[in-house]
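Residues per chain, in single letters:
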Amino acid sequence: MDMQTTFLDRLFESGLLIDTGVDGLYGRSGQFEDVIAAFERLIDKFGGADGAEAMRFPPGMNRAFFEKSGYMKSFPQLAGTVHSFCGGELDHMSLLQCMEVGDDWTKDQQATDIVLTPAACYPLYPTVARRGKLPMGGGLFDLQSYCFRHEPSRDPARQQLFRMREYICMGTEQHVTDFRQCWMDRGVEMMKAVGLDVTIDIANDPFFGRAGKMLANNQRDQNLKFELLIPITSVAEPTACMSFNYHQDAFGAKWELYLEDDSVAHTACVGFGLERIALALFHHHGLEVRHWPSKVRQALWG
Ligand code: ATP
Ligand code: ZN
Ligand code: MG
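Residues numbered from 1 in each chain as written. Chains lettered and ligands numbered in written order. Predicted model: local features only at pLDDT ≥ 70, side-chain atom pairs only at ≥ 80, totals over all residues. Heavy atoms only, no water.

1. With respect to the overall build of the protein chain
Part 1: Counting secondary structure elements, the protein chain contains 11 helices and 12 strands.
Part 2: Relative to the 2.2 N^0.38 estimate, which gives 19 Å for 302 residues, the radius of gyration of the protein chain is 21 Å and therefore close to what a compact globule would have.
Part 3: Projecting the C-alpha coordinates of the protein chain onto the three principal axes gives extents of approximately 60 × 55 × 35 Å.
Part 4: Here the protein chain holds 302 residues, and 45% of them are scored as buried.
Part 5: Considering only contacts in the protein chain between residues 6 or more positions apart, those separated by 24 or more positions represent 70%.
Part 6: With the model as given, the accessible surface of the protein chain reaches about 15400 Å², and the carbon-plus-sulfur share is 52%.
Part 7: Both charge centroids of the protein chain, one from 29 positive and one from 40 negative side chains, sit 4 Å from each other. (Helix = DSSP H or I, 4+ residues; strand = E, 2+ residues; numbered from the N terminus. Rg over C-alpha atoms; globule rule 2.2 N^0.38 Å. Buried < 20%, exposed > 50% of the residue type's maximum accessible area, 1.4 Å probe, protein only. Contact = heavy atoms within 4.5 Å. Areas by Shrake-Rupley, 256 points an atom, 1.4 Å probe, with all protein chains shown as cover. Lys, Arg positive; Asp, Glu negative; His and termini not counted. Charge placed at Lys NZ, Arg CZ, Asp CG, Glu CD.)

Right, here's the structure in full:
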């Protein structure tokens, strides 16, 4: 058994993260939350003048929209569904009996209309589609949500329930690719302001199975996804703290997002992994915020 103290152990000991007994499911201290709140204000400062429309959805989404999104085709291994007990009194008795003897009491739970949100932008596309055509100047949205991904890990930067702040842009190809480039530049600038060294690299999503390999290669070949990487648990394999995704007109076609001239909207989204950014700050500047460089505290708290 490896007795080395890991970053996760140190986060538990300091109280910044709170152990729940499940890998990737943690409570957060007031101090940890304060760092996330400060970083979100920094995001507001950089993005605030763009006039994005803010929306906040709960961490569960309409199952019908989730099904239509195609998430189960690409990432079945990551999805989390919400199931509930829907039986009568007899079913309840057998449920309790099942629990009593330690059998699997969950197998008769029924799917509800809710699925856990896998990425903050997922509930947005059907919402915008319902409004009708987008103006030629496009649409810009500001979202933040807890997201669920079934990827239990002892790496504190890989959680099962974590927050993603996103800006989503819809419009012409030129418009949304300019938007993405703008946030890649801003991302580097923001991280520099808080004393973090970053690299940007091309990336792909973890598409499931053998067919998924081809989708991932295609995504790379077409430069559809970039990540802003910061070393947290490993220098050799730095962690993606932001991602910059261009969906071409795939989401526009799927959700019937049209511009006023009846062309299909292109979309792009930029996501900040809020826990990962906080962890990068704690890893780089130490677990005691009062000992962080004053320049960094100034950038975060003014
Ligand atoms: P990775 O390659 O590390 O799995 P990803 O490509 O799956 O990341 P995205 O799907 O682009 O990440 O999600 C947007 C952002 O959300 C990421 O840049 C990252 O900062 C954050 N994120 C993704 N998965 C997790 C996770 N399991 N725990 C914490 N943050 C995450
Ligand atoms: Zn997104
Ligand atoms: Mg992932």
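More follows now that the structure is in view.
2. Notes on the coordination of the zinc ion (ligand 2)
Part 1: With distances of 2.2 to 2.3 Å, the protein atoms coordinating the zinc ion (ligand 2) are C121 (SG), E166 (OE) and C269 (SG).
Part 2: Counting the intervening residues between successive donors of the zinc ion (ligand 2) yields the motif C-x44-E-x102-C. Of the two residues, E166 sits in strand β8 (residues 161–171) while C269 sits in strand β12 (residues 266–273), which places them 103 residues apart along the sequence. Both residues of the pair, E166 and C269, count as buried. (Donors = N, O, S within 2.8 Å, 3.2 Å for Na, K, Ca; no water.)

3. Examining a nonpolar patch on the surface
Part 1: A surface patch of nonpolar side chains, amounting to about 280 Å² of accessible area, comprises L96, M99 and W105.
Part 2: With respect to the secondary-structure elements, L96 resides in helix α5 (residues 89–100).
Part 3: Given the relative accessible area of 42%, L96 is considered partly exposed. (Patch = residues over 30% accessible without salt bridge, like charges linked within 9 Å, V, L, I, M, F, W, Y side chains within 5 Å. Salt bridge = Lys/Arg side-chain N within 4 Å of Asp/Glu carboxyl O.)

4. Quick notes on the domain arrangement of the protein chain
Part 1: One can read the domain layout of the protein chain as domain 1 (7–79 + 118–301) and domain 2 (83–114).
Part 2: A straight line from the C-alpha centre of domain 1 to that of domain 2 covers 35 Å.
Part 3: Domain 1 puts four residues into the contact, and the matching count from domain 2 is four residues.
Part 4: When the two sides are added together, the surface that domain 1 and domain 2 hide from each other amounts to roughly 270 Å², 47% of it contributed by carbon and sulfur.
Part 5: A per-residue breakdown of the area domain 1 buries against domain 2 is headed by G60, M61 and R63, which together make up 94% of the total. (Domains from an automatic or database assignment. Buried area = accessible area lost by both parts, 1.4 Å probe.)

5. Details of the packing of helix α2 (residues 30–47) against helix α11 (residues 294–301)
How two helices pack is summed up by the angle between their axes together with the distance between the axes.
Part 1: Running from N to C, α2 and α11 point in directions that differ by 70 degrees, and their axes come no closer than 8 Å. One element, α2, and the other, α11, form an angle in the roughly perpendicular class. Taken together, the residues of α11 that come into contact with α2 (itself represented by D34, V35, A38, F39, R41, L42 and K45) are A299, L300 and W301.
Part 2: Its residues assigned to classes, the contact of α2 with α11 shows seven nonpolar, no polar and three charged. (Axes fitted to C-alpha atoms, helices over the stretch in contact; angles between N-to-C directions. Parallel < 35°, antiparallel > 145°, perpendicular 65-115°, else oblique. Nonpolar A, V, L, I, M, F, W, Y, C, P; charged D, E, K, R; others polar.)

6. Some points on the side chain of T117
Part 1: As for its position among the elements, T117 is in the loop between β6 (110–116) and α6 (124–129).
Part 2: Ignoring sequence-local partners within four residues, the contact set of T117 consists of P58, P59, G60, M61, P123, S145, Y146, C147 and F148.

7. Examining the nonpolar core
Part 1: By size, the foremost hydrophobic cluster in this structure holds 50 residues, and its most contacted members are F39, W183, V194 and F272.
Part 2: With residues near it in sequence (within four places) discarded, V194 still touches F39, L42, L281, H285, V296, A299 and L300. (Core = buried A, V, L, I, M, F, W, Y, C linked by side-chain atoms within 4.5 Å.)

8. Some points on the packing of aromatic side chains
Part 1: Going through the model one piece at a time under the given rule, you end up with 13 aromatic pairs.
Part 2: Geometrically, the ring pair formed by Y71 and Y122 is edge-to-face, given 5.7 Å between the ring centres and 85 degrees between the ring planes. With Y71 in helix α4 (residues 71–74) and Y122 in the loop between β6 and α6, this pair connects stretches of sequence that are 51 residues apart. Here Y71 matches Y122 in class, with each residue buried.
Part 3: When the centroid spacing of 6.2 Å and the interplanar angle of 45 degrees are considered together, the rings of W292 and W301 count as tilted.
Part 4: The exposure class of W292 is buried, given its relative accessible area of 2%.
Part 5: By relative accessible area, W301 is classed as partly exposed at 29%.
Part 6: An aromatic cluster is present here, built from F66, Y71, F75, Y122 and F207 joined pairwise through their rings.
Part 7: Across from the ring centre of W183, 4.6 Å away, lies the NZ or CZ of R186, which sits over that ring. (Phe/Tyr/Trp six-rings, centres within 6.5 Å; stacked < 30°, edge-to-face > 60°. Lys NZ or Arg CZ within 6 Å of the ring centre and 35° of its normal.)

9. Comments concerning unusual backbone geometry
Part 1: Unlike most non-glycine residues, E256 shows phi in positive territory, near 60 degrees.
Part 2: Among the secondary structure elements, E256 is positioned in the loop between α9 (250–255) and β12.
Part 3: E256 sits in the partly exposed class, given a relative accessible area of 48%.
Part 4: Despite not being glycine, D262 shows a phi value in the positive range, around 70 degrees.
Part 5: Its location among the elements puts D262 in the loop between α9 and β12.

10. A look at a negative patch on the surface
Part 1: Taken together, D91, D103, D104 and D108 make up a surface patch of like negative charges.
Part 2: Residue position: D91 is located in helix α5.

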